[in-house]
Amino acid sequence: MAVTVTLIPGDGIGPSITAATRHVLDAAGAQLEWEEQLAGMAAVAAVQTPLPDETLASIRRNRICLKGPLTTPVGVGFRSINVALRKELDLYANVRPAVTMLAGGRYEDIDLVLIRENTEGLYVGVEHYIGMGSDAKAAAESVMLITRFGAERIVRYAFEYALAHGRRKVTLAHKANILKYTQGLFLEEGNRIAAEYRGRVEYEDRIIDATAMHLVLNPYQFDVLVMENMFGDILSDEMAGLVGGLGMAPGGNIGKDVAMYEPVHGSAPDLEGKGIANPTAMILAACMLLEHLGQHEVAGRVRGAVKRTLAARKTLTPDLHGSATTDAFAAAVAEALEPH
Ligand code: NAD
């Protein structure tokens with residue numbers, strides 16, 4: 001029976017990569033029914049608010065959502081709707097796999113997963129200016145909030161993920177040497193939870209900056225990585241770079257009740273309207289969604305078709321040094337699907 005999924009096409013390149021993804025999923029016979037909703041700039045234009053109640057209600061009802069990228073105006077205007085969605089729905093675990101889909105890059109056979117805490121850290125949005133004399137913006141201050149509860153549940157999620165997916169090791173990356181309270185608490189909780197999994201999953205902790213370097217020098221030493229919000233934001237982009245860039249990286253935002261899948265990349269305003277964005281990340285995000293729903297067979301066939309299409313190198317988009325359009329790539333993936 002088809003499952004109803006809230007679909008937010010998003011801003012910029014969002015609608016075109018969403019259309020491409022739907023084309024592939026329809027061709028693969030995914031048992032999904034879409035409930036299309038607005039968010040971001042598209043929602044501001046239509047109903048004057050970036051996150052309509054109806055959109056939130058739809059996600060809460062269906063408990064599952066596929067989302068395109070949403071534009072966040074820099075410095076001014078509304079706060080990030082992505083952050084708001086994660087907080088509002090308590091999607092505390094951001095799961096970002098980095099898997100080689102196209103051979104011939106900097107590395108072969110990368111298979112890493114970064115688990116990022118999604119609701120705390122520096123992204124809680126508690127920040128303000130500090131005025132001095134006539135300068136109202138003489139300084140600015142942001143709060144990094146780490147709670148014992150938040151640290152425990154994300155580290156536990158990482159270990160449970162490792163067990164469920166047959167992974168060998170969890171690396172907790174932190175900056176407890178400098179940020180002794182916030183990062184110290186994160187590490188303390190990490191060590192405590194890790195002890196419960198001793199003998200079942202290997203564990204190590206590493207300083208975040210060294211982790212960033214070692215990811216480039218020898219990514220194969222890592223497996224599952226877990227860290228707080230901003231560190232995870234930055235390192236997951238670095239990991240996307242190991243497998244061909246942002247156009248290839250999907251992510252899931254998981255809570256107790258709701259799961260929301262999306263490409264890691266943003267709305268790419270520089271590509272808007274050109275029809276040449278790479279839809280792979282969005283298609284792979286849809287595969288993660290299918291797996292979450294237990295539709296493993298369809299997900300496997302879609303992944304296989306994406307891999308074959310990339311390997312054939314005939315319809316690559318410009319970010320992968322080809323000249324194909326978004327639609328041509330999606331058509332090639334649909335064509336490459338094995339029958340079920
Ligand atoms: P971006 O990810 O949109 O783009 C960074 C670079 O990667 C650009 O050169 C872009 O052309 C390229 N790129 C991104 N996706 C691509 C794809 N599918 N195919 C080919 N090339 C691709 O990051 P940005 O420019 O910093 O941000 C643009 C907007 O997106 C901002 O408003 C930002 O806040 C928002 N954003 C949203 C999300 C999200 O919705 N989850 C994530 C990141 C950024």
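These numbers were taken from a predicted model, which means no experiment stands behind them.

Next up on the list: the packing of aromatic side chains. Centre-to-centre distance and the angle between the planes together describe a pair of aromatic rings. A full pass over the atoms with the stated rule returns five aromatic pairs. Ring centres 4.7 Å apart and planes at 15° place the aromatic pair Phe-159 and Tyr-197 in the stacked group. Placement of Phe-159 in helix H5 (residues 148-164) and of Tyr-197 in the loop between helix H6 (182-196) and strand E9 (202-207) is noted, with a sequence separation of 38 residues between them. The same class applies to Phe-159 and to Tyr-197, which are both buried.

What follows concerns the site of the ligand. In the vicinity of the ligand there are 20 residues, among which Leu-70, Thr-72, Gly-266, Ala-268 and Asp-270 approach most closely. Asn-82 is positioned such that a nitrogen or oxygen atom in its side chain is 2.9 Å from an oxygen atom of the ligand. In the environment of the ligand, an oxygen atom lies 2.7 Å from a nitrogen or oxygen atom belonging to the backbone of Ala-268. In isolation the ligand has 810 Å² of accessible area, and contact with the protein removes 70% of it. Looking at the shell around the ligand residue by residue, the class counts come to nine nonpolar, seven polar and four charged.

Sheet topology note: the strand E8 (residues 169-174)/E9 ladder contains six bridges and is parallel. Residue pairing for E9: His-174 is matched across the bridge by Ile-207. As for the winding sense of the linkage, the β-α-β connection from E8 through H6 to E9 is right-handed.

Now for the environment of Thr-6. Looking at the element boundaries, Thr-6 is found in strand E1 (residues 3-8). Given the relative accessible area of 0%, Thr-6 is considered buried. Taking the C-alpha atoms as reference points, Thr-6 and Leu-163, 157 residues apart in sequence, are found 29 Å from one another. With sequence-adjacent residues up to four places away left out, Thr-6 is seen in contact with Glu-35, Gln-37, Ser-58, Ile-59, Asn-62, Ile-64, Cys-65 and Leu-66.

So, on to the layout of surface pockets. The space that makes up the second largest pocket amounts to roughly 570 Å³. No other element matches the four residues that helix H9 (residues 280-292) contributes to the lining of the second largest pocket. Taken together, the residues that form the lining of the second largest pocket break down as 14 nonpolar, four polar and five charged.

This paragraph deals with the pattern of salt bridges. Per the counting criterion, the structure on display carries 23 salt bridges. One salt bridge in this structure joins Glu-262 and Lys-67, with 2.8 Å as the shortest N-O distance. Of the two residues, Glu-262 sits in strand E12 (residues 259-263) while Lys-67 sits in strand E3 (residues 64-67), which places them 195 residues apart along the sequence. Assessed through its relative accessible area of 5%, Glu-262 is described here as buried. Between Glu-297 and Arg-301 there is a salt bridge, with its nearest N and O atoms 2.7 Å apart. One end of the pair, Glu-297, and the other, Arg-301, are both in helix H10 (residues 296-312), four residues apart, so they sit about a helical turn from each other. Taking the relative accessible area as the measure of exposure, Arg-301 reaches 9% and is therefore buried. Members of the salt-bridge network, linked through shared partners, are Arg-148, Glu-152, Arg-156, Glu-188, Glu-189, Arg-192 and Glu-196.

So, on to the packing of helix H1 (residues 14-28) against helix H11 (residues 326-336). The contact between H1 and H11 brings their axes to 9 Å, and the two run at 15°. Classified by the interaxial angle, the pair formed by H1 and H11 is roughly parallel. The interaxial crossing formed by H1 with H11 has right-handed handedness. Here Ser-16, Ile-17, Ala-20, His-23, Val-24 and Ala-27 of H1 lie close against H11, whose contacting residues are Thr-326, Ala-330, Ala-331, Val-333 and Ala-334. Of the residues belonging to the contact of H1 with H11, the class tally is eight nonpolar, three polar and no charged.

Where nonpolar side chains cluster on the molecular surface, the patch consists of Val-126, Val-143 and Leu-145 and spans about 220 Å² of accessible area. One can find Val-126 in the loop between strand E5 (111-117) and strand E6 (127-132). Assessed through its relative accessible area of 45%, Val-126 is described here as partly exposed.

Attention now moves to the sheet that holds strand E4 (residues 93-99). Spatially, E2-E1-E3-E12-E11-E4-E5-E10-E8-E9 is the arrangement adopted by the ten strands of the open sheet, whose pairing is mixed. Each having just a single partner strand, strand E2 (32-36) and E9 make up the two edges of the open sheet. Taken pair by pair, the neighbouring strands of this sheet meet at an average axis angle of 25°, ignoring direction. Direction of pairing for E4 relative to strand E11 (residues 250-254): antiparallel, over a ladder of three bridges. Note that in E11 the partner of Ala-93 across the bridge is Ile-254. Along the sheet, helix H7 (residues 208-217) makes contact with E5, E8, E9 and strand E10 (224-227), crossing E9 at roughly 110°.

Counting 69 residues, the largest nonpolar core has Leu-66, Ile-115, Tyr-261, Val-302 and Leu-310 as the members making the most contacts within it. Among the elements that make up this core, the one with the highest residue count is H9 (nine residues). If sequence neighbours within four positions are ignored, Leu-310 has contacts with Met-101, Leu-102, Met-248, Thr-280, Leu-316, Leu-320 and Phe-329. In terms of nonpolar packing, the next biggest core, distinct from the first, is built from 16 residues, Phe-222, Leu-235, Leu-242 and Val-243 among them.

About the criteria used
Throughout, residues of each chain are indexed from 1 in the direction in which the sequence is written. Totals for whole chains, interfaces and linings use all residues, but because this is a predicted model, local features are given only for residues with pLDDT of at least 70 and pairs of side-chain atoms are given and counted only at 80 or more. Remark: hydrogens and water are excluded; side-chain values derive from all non-hydrogen atoms of the structure. Note on aromatic pairs: the rings of Phe, Tyr and Trp (six-membered ring only in Trp) are paired at centre separations within 6.5 Å, and the planes decide the class, stacked below 30 degrees, edge-to-face beyond 60, tilted for the rest. A run of H or I in DSSP becomes a helix once it reaches four residues, and a run of E becomes a strand once it reaches two; helices and strands are each numbered from the N terminus. Exposure is judged per residue with a 1.4 Å probe applied to protein chains only, and the accessible area is read against the type maximum: over 50% gives exposed, under 20% gives buried, and values in between give partly exposed. For this purpose, a residue is taken to be near a molecule or strand whenever a single non-hydrogen atom of the residue falls within 4 Å of it. Residues adjacent in sequence count toward polar contacts only when both atoms are side-chain atoms; beyond that, a polar contact is any pair of N or O atoms within 3.5 Å, and within protein one must be able to donate a hydrogen and the other to accept it. In this description, accessible areas are obtained by the Shrake-Rupley approach with a 1.4 Å probe, and a residue is regarded as covered only by the protein chains that are shown. Amino acids are sorted into nonpolar (Ala, Val, Leu, Ile, Met, Phe, Trp, Tyr, Cys and Pro), charged (Asp, Glu, Lys and Arg) and polar (every other residue, Gly among them). Pairs of strands are assigned from DSSP output, requiring at least two bridges between the strands. Clockwise travel from the first strand over the helix to the second, with the strands pointing away from the viewer, marks a crossover as right-handed. By definition in these notes, contact holds between two residues if any of their heavy atoms fall within 4.5 Å. Throughout, the protein atoms alone are placed on a 1 Å grid, and a set of points is a cavity if a 1.4 Å probe fits but cannot get out or a pocket if it is open with protein on both sides within 12 Å along at least five of seven lines; lining residues have an atom within 4 Å of a point. Grid points are joined across faces, edges and corners, and a volume is the space filled by probe spheres set on the points. Salt bridges are counted wherever a side-chain nitrogen of Lys or Arg sits within 4 Å of a carboxyl oxygen of Asp or Glu. To get an axis, a line is fitted to the C-alpha atoms, and for a helix only the part in contact is used. The angle between two axes follows their N-to-C directions and goes from 0 to 180 degrees. Should an angle lie under 35 degrees it is considered roughly parallel, over 145 roughly antiparallel, and from 65 to 115 roughly perpendicular; all remaining angles are considered oblique. The handedness criterion is simple: a crossing whose near helix is rotated anticlockwise from the far helix by less than a right angle is left-handed, and one whose near helix is rotated clockwise is right-handed. Two distance rules govern patches: like charges are joined within 9 Å, and nonpolar side chains (Val, Leu, Ile, Met, Phe, Trp, Tyr) within 5 Å, applied only to residues with over 30% relative accessible area and no salt bridge. For our purposes a nonpolar core is just a set of buried Ala, Val, Leu, Ile, Met, Phe, Trp, Tyr and Cys residues, chained together by side-chain atoms within 4.5 Å.

These figures come from the coordinates and say nothing about function on their own.
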